[in-house]
Structure formats: C-alpha cells, structure tokens
Amino acid sequence: MAPKKAKKRQQQGEGGSSNVFSMFEQSQIQEYKEAFTIIDQNRDGIISKDDLRDVLATMGQLNVKNEELEAMIKEASGPINFTVFLTMFGEKLKGADPEDVIVSAFKVLDPEATGFIKKEFIEELLTTQCDRFTAEEMSNLWAAFPPDVAGNVDYKQICYVITHGEEKEDE
C-alpha cells in the first residue's frame, strides 16, 4: 500500500521535488535561476548563511543577526541548491490562485472594465473589510503600485506581481 500512497502524493505535487520544474513556466524558472545566482554569492551552487549575509549587505541590510540568517537557512530541509530553492518557492506559492482568477475578482470592482480602480476605493475596502490593512501596509502598497495622476490603480499589474513576483517590463 505504501508505494501507491507515495505515487499518489507525487502526482498531487505533495511529495519529492521531481515535479517542481513542471510547476513553473520556463520564463519563471529562468527568473528564479537568475535570483539564485545573485544570492549564491560565492558561486558554489549552494545558498549558505554567508551568501545570505553578503546579498543582504549589497541591499543595504548590514546588521542582520545570525539567528535570522539561520532561521532562513533552516526553512530548507537540507543544503539549498537550485532545485531546493525552486521547491521552496513552489511550496510558498502552492494554493495561490492563478492570475486570471485574481484579475476576475478585481473586475467585479471595475464595472466599466477600464483595468483601473480608484485608489480611495481600494484603500477603503482594504482598511475596513476582513483582514484589515494597517497604515504601513497601505503605504507599502502605494509605494509598490503608485496610482496615476487621476488616482487610478492598475489592478492587472498588481495581479501580475502577485502571481509572478515582479513587475512586467513595458513592451
């Protein structure tokens, strides 16, 4: 019986890392590979505590405690090579809705189908409903996705970043 259960878990994407590359589009895998290469400061194919410390220092975070770095490294089950790195991202993204589902949710708030929602409307919803955003969270949102001069927010851009992790380059 155990082999059948293990096989079923792998088919569902819950076991092993053999299926991790099928979880992402080729362009996403390439983006993760570039990120991995940046983080792997000593280029040994493994992300270590020293690699994390060095890459954080290049981003201006100079006084990161050893405990914080160790906690990051311990999120992996062993040495963090690229496959483990990709698996970790897959686990974090598991259960996230696809981009089209998130866009459809925003479209409910955009009856004229403009692709934009007023900043004030989004802010009111996010600060008064369900898991309310704090002032700091709202500030971070507007820093990442500034509204245009008319106060409109491009919700398709937000959805893309939620599902892909970075902004689209203008074509």
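Reading the values: rules and limits
Residues numbered from 1 in each chain as written. Predicted model: local features only at pLDDT ≥ 70, side-chain atom pairs only at ≥ 80, totals over all residues. Heavy atoms only, no water. Core = buried A, V, L, I, M, F, W, Y, C linked by side-chain atoms within 4.5 Å. Buried < 20%, exposed > 50% of the residue type's maximum accessible area, 1.4 Å probe, protein only. Contact = heavy atoms within 4.5 Å. Salt bridge = Lys/Arg side-chain N within 4 Å of Asp/Glu carboxyl O. Helix = DSSP H or I, 4+ residues; strand = E, 2+ residues; numbered from the N terminus. Phe/Tyr/Trp six-rings, centres within 6.5 Å; stacked < 30°, edge-to-face > 60°. Axes fitted to C-alpha atoms, helices over the stretch in contact; angles between N-to-C directions. Parallel < 35°, antiparallel > 145°, perpendicular 65-115°, else oblique. Left-handed = near helix turned anticlockwise from the far one by under 90°. Nonpolar A, V, L, I, M, F, W, Y, C, P; charged D, E, K, R; others polar. Polar contact = N/O pair within 3.5 Å; in protein donor to acceptor, adjacent residues only side chain to side chain.

- Looking at an unreviewed UniProt entry, one finds the protein chain named EF-hand domain-containing protein and attributed to Oncorhynchus mykiss.

### A closer look at the nonpolar core
Now for step 1: Within the largest apolar cluster, 18 residues are counted, with the highest numbers of intra-cluster contacts made by Ile47, Phe82, Phe85 and Leu86.
Now for step 2: Those residues within four positions of Leu86 in sequence are excluded, and the remaining contacts are Val20, Phe21, Phe24, Ile29 and Tyr32.
Now for step 3: Counting 14 residues, the second largest nonpolar core, distinct from the first, contains Ile102, Phe106, Ile122 and Val153.

### Focus: the pattern of salt bridges
Now for step 1: Tallied over the full model, the rule gives two salt bridges.
Now for step 2: For Glu70, the salt bridge identified is with Lys49, shortest N-O distance 3.1 Å. In this pair, Glu70 is assigned in helix α4 (residues 66-74) and Lys49 in helix α3 (residues 49-58), connecting sequence segments 21 residues apart.
Now for step 3: Among the salt bridges present, the one from Asp50 reaches Arg53, with a minimum N-O distance of 3.3 Å. Here Arg53 and Asp50 lie together in helix α3, a separation of three residues that amounts to about one turn.
Now for step 4: A relative accessible area of 48% places Asp50 in the partly exposed class.

### Quick notes on the packing of aromatic side chains
Now for step 1: Throughout the structure, instances matching the rule amount to eight aromatic pairs.
Now for step 2: Pairing Phe36 with Phe82 gives two aromatic rings, centres 5.7 Å apart and planes at 75 degrees, and the pair type is edge-to-face. In this pair, Phe36 sits in helix α2 (residues 26-39) while Phe82 sits in helix α5 (residues 82-93), placing the two residues 46 residues apart along the sequence.
Now for step 3: On the accessibility criterion, Phe82 (11% relative accessible area) is buried.
Now for step 4: Here the aromatic rings of Phe85 and Phe89 are separated by 5.0 Å at their centres, their planes lie at 65 degrees, and the arrangement is edge-to-face. Pair noted here: Phe85 and Phe89 are both in helix α5, with a separation of four residues, about one helical turn.
Now for step 5: Each member of the aromatic cluster is reached from another via a ring pair, and the members are Phe21, Phe24, Tyr32, Phe36, Phe82, Phe85 and Phe89.

### Things to note about the packing of helix α6 (residues 99-107) against helix α9 (residues 155-164)
Now for step 1: One way to put it is that α6 packs onto α9 with a least axis distance of 9 Å and a crossing angle of 150 degrees. Classified by the interaxial angle, the pair formed by α6 and α9 is roughly antiparallel. Note on packing geometry: the crossing formed by α6 with α9 is right-handed. Residues Glu99, Ile102, Val103, Phe106 and Lys107 of α6 pack against Tyr155, Lys156, Cys159, Tyr160, Ile162, Thr163 and His164 of α9.
Now for step 2: For the contact of α6 with α9, the residue count by class is seven nonpolar, two polar and three charged.

### Comments concerning the environment of Thr128
Now for step 1: Note on placement: Thr128 falls in helix α7 (residues 119-128).
Now for step 2: With a relative accessible area of 35%, Thr128 lands in the partly exposed category.
Now for step 3: In this structure the side chain of Thr128 is engaged in a polar contact, spanning 2.5 Å, whose partner is the backbone oxygen of Glu124.

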